[in-house]
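Here's the letter readout for the chains.
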Amino acid sequence: KVISRMLNGQLAGAFDLFFDGVSLHRQQRESAQRIIAKWRAPAMRSGFEGWQEYMDLRREEVKDSAAEEVREKLVATAAEDKEEAAEAVGREVARRVEQAKRTVGRMLHIQVAGAFDGFYDQVQASKERKEVARKVISRMLNGQLAGAFDLFFDGVSLHRQ
């Protein structure tokens, strides 16, 4: 008996759920039929079509404004990128000019250093030639002095004899 009551309760609950589902489905179908009937009315149909046209126009306007907004952003971004590129080019030009100045400076320094080395070598050679000439003249003077002294000595020796 208890089991049969439980099964009966379960069957009753299942039937109630089925009945509620069928009722809900019927209500939804009736609601849809009422809406469709309203749309079939000429005034409602023209209103609905007008609303659809308005929504299509609004979608186009939104799409156009979004496209314009994107276009403006792209133009702004392109201008910023152009400015950044111009700055980068300016920095690169300045860097290369500075590098060229350093290179030319090194080349001039090498030329000046080479010329200075040549001048230094010439001065050293001149000093060496002067020193050799001084030594030669000194020897010559020394030789003349020695010769004069020898003659004097010979003259004194002859006079004593």
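So, here is what we can say about the structure in this document. (Residues numbered from 1 in each chain as written. Predicted model: local features only at pLDDT ≥ 70, side-chain atom pairs only at ≥ 80, totals over all residues. Heavy atoms only, no water.)

**Side note on the overall build of the chain**
Part 1 of the reasoning: When you go through the chain residue by residue, the secondary structure sums to two helices and zero strands.
Part 2 of the reasoning: The C-alpha atoms of the chain give a radius of gyration of 60 Å, which is well past the 15 Å a tight globule of 161 residues would have.
Part 3 of the reasoning: Taking the principal axes of its C-alpha atoms as reference, the chain extends roughly 185 × 60 × 10 Å.
Part 4 of the reasoning: Within the chain, the proportion of its 161 residues that are buried is 1%.
Part 5 of the reasoning: When the accessible surface of the chain is split by element, carbon and sulfur atoms take 63% of a total near 14,900 Å².
Part 6 of the reasoning: On the chain, the mean spot of the 27 positive side-chain charges and the mean spot of the 25 negative ones are 5 Å from each other. (Helix = DSSP H or I, 4+ residues; strand = E, 2+ residues; numbered from the N terminus. Rg over C-alpha atoms; globule rule 2.2 N^0.38 Å. Buried < 20%, exposed > 50% of the residue type's maximum accessible area, 1.4 Å probe, protein only. Areas by Shrake-Rupley, 256 points an atom, 1.4 Å probe, with all protein chains shown as cover. Lys, Arg positive; Asp, Glu negative; His and termini not counted. Charge placed at Lys NZ, Arg CZ, Asp CG, Glu CD.)

**Some words on a nonpolar patch on the surface**
Part 1 of the reasoning: Nonpolar side chains collect at one region of the surface, where Phe15, Phe18, Phe19 and Val22 lie side by side and expose about 450 Å² of accessible area between them.
Part 2 of the reasoning: Residue position: Phe15 is located in helix α1 (residues 2–40). (Patch = residues over 30% accessible without salt bridge, like charges linked within 9 Å, V, L, I, M, F, W, Y side chains within 5 Å. Salt bridge = Lys/Arg side-chain N within 4 Å of Asp/Glu carboxyl O.)

**Here's the deal with the pattern of salt bridges**
Part 1 of the reasoning: In the structure shown here, the tally under the stated rule is seven salt bridges.
Part 2 of the reasoning: For Glu61, the salt bridge identified is with Arg58, shortest N-O distance 2.7 Å. Placement of both Glu61 and Arg58 in helix α2 (residues 42–160) is noted, with a separation of three residues, approximately one turn of the helix.
Part 3 of the reasoning: For Glu61, a relative accessible area of 44% puts it in the partly exposed group.
Part 4 of the reasoning: The salt bridge partner of Glu92 is Arg96, with a shortest N-O separation of 2.8 Å. Taken together, the residues span about one helical turn, with Glu92 and Arg96 both in helix α2 at a distance of four residues.
Part 5 of the reasoning: Accessibility expressed as a relative area gives 29% for Glu92, which makes it partly exposed.

**As for the environment of Gly143**
Part 1 of the reasoning: On the secondary structure map, Gly143 appears in helix α2.
Part 2 of the reasoning: Separated by 73 residues in the primary sequence, Gly143 and Val70 have C-alpha atoms spaced 107 Å apart.

**Here we look at a negative patch on the surface**
Part 1 of the reasoning: Judged by side-chain charge, Glu80, Asp81, Glu83, Glu84 and Glu87 come together as a negatively charged surface patch.
Part 2 of the reasoning: Locating Glu84 in the fold gives a position in helix α2.

**Observations concerning the environment of Val112**
Part 1 of the reasoning: Relative to the elements of secondary structure, Val112 occurs in helix α2.
Part 2 of the reasoning: Residues Val112 and Glu80 lie 32 residues apart in sequence; the distance between their C-alpha atoms is 47 Å.

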